[in-house]
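Structural description and commentary
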Amino acid sequence: MSSITRLSQGRAFSSLPSSASLSLSPSSSTVIPLTSPHRALLQTERLNWPQYFNQTRYFTQNLIRPFQIYRSASSDPYVNLSIEHHLLQSSPPDSTILFLYTNRPSIVIGRNQNPWLEVNLRLLRDGLPTSESQDKKQPIALVRRRSGGGTVFHDKGNTNYSVICPPAVFDRDRHAEMVARALRKLGVPHRTCGSRPGGGVRVNERHDIVVDILSPSGGMFKISGSAYKLTRTRALHHGTCLLSSPNLGSVSALLRSPAEGFIKARGVESVRSPIRNVNVGTEEFVDAVVDEFCDMYGVEDGGKEVLVIREEEALATEGINKGVRELTVSLVPYFPCGCPSTDTQHRTQSGSLDKPPFSPSQPIRLKMTPATGPHLSLQNSPMMCVS
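The sections below set out a description of the structure shown in this document.

**Some remarks on the nonpolar core**
Leu98, Leu183 and Ile209 are the most contacted members of the largest nonpolar core, which has 35 residues in total. Mapped onto this core, the elements with two or more residues apiece are β3 (96–101), β9 (158–165), α6 (174–185), β10 (200–203), β11 (209–213), β12 (219–230) and α9 (282–297). Top contributing element to this core by residue count: α9, with 8 residues. In this structure, leucine 183 is in contact with Val188, Val201, Ile209, Ile223, Cys241, Val278 and Phe285, ignoring residues within four places of it in sequence. Core analysis: the next-biggest nonpolar cluster, separate from the first, contains 21 residues, Ile83, Ile97, Phe99 and Ala141 among them.

Here it is as structure tokens:
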């Protein structure tokens, strides 16, 4: 929309040091000679440098504004979750932030969840088929976020939103309702889902956004789940909205572990719900959410400035770089696991196996990295069969 300004070139995450010198010509297309850690502005296209630097808003300068809107140009879930955490930790207590991002295929588990119970790790390891060939697979990342809640699937067909605000104004439904209003204005579900009048978008009792579709093949579908993180001075609400995921048919199998019934976990288990796309484009969804955010907080048209964050610039910030390193290794709390017993005392009257007994095991260390995915090194573990 014309009322939204996007500044997408040269976003630095820290203000320039007083000693930095910039001797750039208008035709320059080389690396900007800044000292570490300010090498955030890397190889760029040809720019009108005087105009470019007049328009630039450096990250620390922008953080003092009461309302801020960011959008990530990265599709790396480790980077985007770390940017989000950096915003949560570094922004002033009285500011309110909207952050939007889209991840490549990934499964994101909650802070207190057990991946062996939530995810089919064999399917995750195999990856997703690509449009070019069924034999060529697209990798799926596994990430543990810092907030609670259940397991969600991300890909480029859904967009994630995050709102960081003072705890005094935090409400679990407040920003979910903001997104629901944006979807209604985009014609969901009547224009985009073929619903008859009477259907609609709403926030249910679990604080999820659902769509009610009145048609022969309709019903109630979850289109957005939420998770939260509260600190003494800040409140974070983030969620994902299914727009046009091409992998919708794979989500159920990916998020159903074959180890279910063999593990007794102490963590939080996900609540499964039927899901569907709302058939809305990413750009129109982003614009609609930005408009609703600005309307909610009274941001004038001149303040509708969306700052686009590039991946290399994010990684040049120590707090974000550290966050990425923290997310690539995770520990799973102690959980006992066991194999089904063939003893008749563990069979039901119908003859089928009842839930198996559990044999205690030592605490299991799970290592998750972008290169190797999830794996553990515990020998003779009955769970090795699903790794």
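**With respect to the pattern of salt bridges**
Side-chain pairing between opposite charges can occur once the charged atoms of the two side chains come close. Under the criterion given, the structure shown has 14 salt bridges. A salt bridge links glutamate 292 to arginine 181; the nearest nitrogen and oxygen atoms lie 3.1 Å apart. Residue glutamate 292 is found in helix α9, and its partner arginine 181 is found in helix α6; the two are separated by 111 residues along the sequence. Residue arginine 181 is classed as partly exposed on the basis of its relative accessible area of 30%. With its nearest N and O atoms 2.7 Å apart, the salt bridge here joins glutamate 313 to arginine 310. Classification of glutamate 313 by relative accessible area gives buried; the value is 0%.

**A look at the environment of isoleucine 164**
With respect to the element layout, isoleucine 164 can be found in strand β9. Accessibility expressed as a relative area gives 0% for isoleucine 164, which makes it buried. Taking the C-alpha atoms as reference points, isoleucine 164 and histidine 238, separated by 74 residues in sequence, lie 8.5 Å from one another. Residues contacting isoleucine 164, with those up to four places away along its chain left out, are Glu84, Leu87, Leu88, Ser91, Ser95, Thr96, Ile97, Arg234, Ala235 and Leu236.

**Topic: the side chain of glutamate 118**
Tracing the backbone shows glutamate 118 in helix α4 (residues 115–118). Of the side chains with opposite charge, arginine 272 comes closest to the buried, unpaired glutamate 118, at an N-O distance of 5.6 Å. Here glutamine 113 takes part through its side chain, which lies 3.3 Å from a polar atom of the side chain of glutamate 118. Not counting residues within four places of it along the chain, the set of residues in contact with glutamate 118 comprises Gln113, Thr151, Leu254, Leu255, Arg256, Ser257, Val268, Glu269 and Ser270.

**A closer look at the packing of aromatic side chains**
For any pair of aromatic rings, the description rests on two quantities: the centre-to-centre distance and the angle between the ring planes. A full pass over the atoms with the stated rule returns 4 aromatic pairs. In this structure an aromatic cluster arises from ring pairing among Phe67, Phe293 and Tyr297. Geometry around tyrosine 228 places arginine 172 over its ring, the cationic atom sitting 4.4 Å from the centre.

**A few points about the packing of helix α3 (residues 77–90) against helix α11 (residues 318–327)**
Between α3 and α11, the shortest axis-to-axis distance is 8 Å and the interhelical angle comes to 125°. Looking at the two axes, α3 sits oblique to α11. Crossing of α3 over α11 shows right-handed handedness. Across from Tyr78, Val79, Leu81, Ser82, Ile83 and His86 in α3, the residues of α11 making contact are Gly319, Ile320, Gly323, Val324 and Leu327. Here the contact of α3 with α11 is composed, by residue class, of 7 nonpolar, 4 polar and no charged.

**Quick word on the environment of glutamine 68**
Structurally, the position occupied by glutamine 68 is in strand β2 (residues 67–72). Once the C-alpha coordinates of glutamine 68 and serine 91 are considered, the two residues, 23 residues apart in sequence, prove to be 9.7 Å apart. Within the structure, the side chain of glutamine 68 is placed 2.6 Å from the backbone oxygen of arginine 65, a separation counted as a polar contact. Here tyrosine 70 takes part through its side chain, which lies 3.0 Å from a polar atom of the side chain of glutamine 68.

Parameters at a glance
- Residues numbered from 1 in each chain as written.
- Predicted model: local features only at pLDDT ≥ 70, side-chain atom pairs only at ≥ 80, totals over all residues.
- Heavy atoms only, no water.
- Core = buried A, V, L, I, M, F, W, Y, C linked by side-chain atoms within 4.5 Å.
- Buried < 20%, exposed > 50% of the residue type's maximum accessible area, 1.4 Å probe, protein only.
- Helix = DSSP H or I, 4+ residues; strand = E, 2+ residues; numbered from the N terminus.
- Contact = heavy atoms within 4.5 Å.
- Salt bridge = Lys/Arg side-chain N within 4 Å of Asp/Glu carboxyl O.
- Lys, Arg positive; Asp, Glu negative; His and termini not counted.
- Polar contact = N/O pair within 3.5 Å; in protein donor to acceptor, adjacent residues only side chain to side chain.
- Phe/Tyr/Trp six-rings, centres within 6.5 Å; stacked < 30°, edge-to-face > 60°.
- Lys NZ or Arg CZ within 6 Å of the ring centre and 35° of its normal.
- Axes fitted to C-alpha atoms, helices over the stretch in contact; angles between N-to-C directions.
- Parallel < 35°, antiparallel > 145°, perpendicular 65-115°, else oblique.
- Left-handed = near helix turned anticlockwise from the far one by under 90°.
- Nonpolar A, V, L, I, M, F, W, Y, C, P; charged D, E, K, R; others polar.

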